[in-house]
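One letter stands for each residue in the lines below.
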Amino acid sequence: MALKSLVYDNNPFEISYEILYPTNKKDLIILHGWGSNKNLMKQAFGNYFLDFRHIYIDLPGFGASSQPNIALRTQDYANIIEIFLNKLKASKHLLIGHSFGGKIGVLLLPQELILLSSAGIVLEKSLKVKSKIFLTKMLNQFAPFLSQKFRTLLRSKDVQNMPETMYKTFKNVVDEDFSTLFANFPNKTHIFWGKEDITTPLICGETIASLVQTSYFHILKGDHFFFSNQGEEIFKLYYKNSTLKEINANI
C-alpha cells in the first residue's frame, strides 16, 4: 500500500493505492463502490487481466484514504482521481468500476470501461422511502429540535456510521441521474450485473446497456457484490467480447 498527496479545491487529500504488475505497459484502473475499498476489488481481480498494470484505489473517505473536509459530488471524485492518475502518469486504457465507482468511471472517459452493477440510473422511490423523506421535511420545518434525532434513525444503513461530511456527500450523489452521460459515453463498455441485485436492480443494467452506444451486457449469478467470486468469469467474457469485435472488424 502507498499514499499519494494532492490538493483539490484548496483541500488536501491523501489517496491510498496499490499497484500490481508494475512493469506492464497498459493500465487498469479499479474503483470500488460506496462503503467498500480497494482490498475487495483486489481479491476479485488481482489474479486476472495480467497484461495490465493494476492500480487499486481507495476513494476519498473510504479504506485507508483520508476523510474529505468538504462534501463532494461524483464530479469532484472524478476530478480528484484524474489529478491522482496524472501524478502517477497512468493511462486510462481500461477501467473497472463497481456501483458508485462506475459513475466515476464514466466521467473519467477511459478508452474502455467495465461496469459492475453501476449506479447512475434513478428509479422511482418506494412509498416507504417517500414517507421517510416527507417525515424528515416536516420535522425540519415544524420540529427542528427533533430533526437531528430522527435524521439518524432514518438514514440508510450504508451511511449510519459515516462522518457528517460523508453523509452529505452520500446525499449529493445518491440520486444523480447519469442517463445522458451513459448515452453519450463514446467508448466500448462491458456491463456485468448480478441477477439478484436489489441495491441496483437488474432493470438498471438493462437501461444502461440500452443507452451506451457500444456495449456488451452479461447477467451473472449473485447480488450487488456478485463479482467478488466471479473475477475469472468476468475476465473471460471481457476477452471474448474483445476478440469478437476484432474478428467482426476484419470481416
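Residues numbered from 1 in each chain as written. Predicted model: local features only at pLDDT ≥ 70, side-chain atom pairs only at ≥ 80, totals over all residues. Heavy atoms only, no water.

**A few points about the side chain of Lys38**
Right, on to step 1. Note that Lys38 resides in helix α1 (residues 38-45).
Right, on to step 2. Judged by relative accessible area, Lys38 falls into the buried class, the value being 4%.
Right, on to step 3. Those residues within four positions of Lys38 in sequence are excluded, and the remaining contacts are Met1, Ser16, Tyr17, Glu18, His32, Tyr56, Ile57, Asp58 and Ala64. (Helix = DSSP H or I, 4+ residues; strand = E, 2+ residues; numbered from the N terminus. Buried < 20%, exposed > 50% of the residue type's maximum accessible area, 1.4 Å probe, protein only. Contact = heavy atoms within 4.5 Å.)

**Details of the packing of aromatic side chains**
Right, on to step 1. Taken as a whole and assessed by the stated rule, the structure comprises 16 aromatic pairs.
Right, on to step 2. Taking the centre distance of 6.2 Å and the plane angle of 65° together, the rings of Phe45 and Phe49 count as edge-to-face.
Right, on to step 3. Judged by relative accessible area, which is 0%, Phe45 ranks as buried.
Right, on to step 4. The buried category is assigned to Phe49, whose relative accessible area is 0%.
Right, on to step 5. Judged by centre distance (4.9 Å) and plane angle (80°), the ring pair of Tyr238 and Tyr239 falls under edge-to-face. (Phe/Tyr/Trp six-rings, centres within 6.5 Å; stacked < 30°, edge-to-face > 60°.)

**Describing the pairing of strand β3 (residues 26-31)**
Two faces make up the sheet, and in a regular strand the side chains alternate between them.
Right, on to step 1. Counting buried positions over the 6 residues of β3 gives 5, a clear majority of the element.
Right, on to step 2. As judged from the 6 bridges shared by β3 and strand β4 (residues 52-57), these two strands associate in the parallel manner. Within β4, the position partnered with Leu28 by the bridge is His54.
Right, on to step 3. Pairing of β3 with strand β5 (residues 94-98), which is carried by 4 bridges, proceeds in the parallel orientation. For Ile30, the partnering residue across the bridge sits in β5 and is Ile96. (Pairing = 2+ DSSP bridges.)

**Digging into α1**
Right, on to step 1. What α1 keeps buried is the set Lys38, Met41, Ala44 and Phe45. Angular distribution of buried residues about the axis of α1 spans 125°; they occupy a single face of the element. (Arc of directions from axis to C-beta.)

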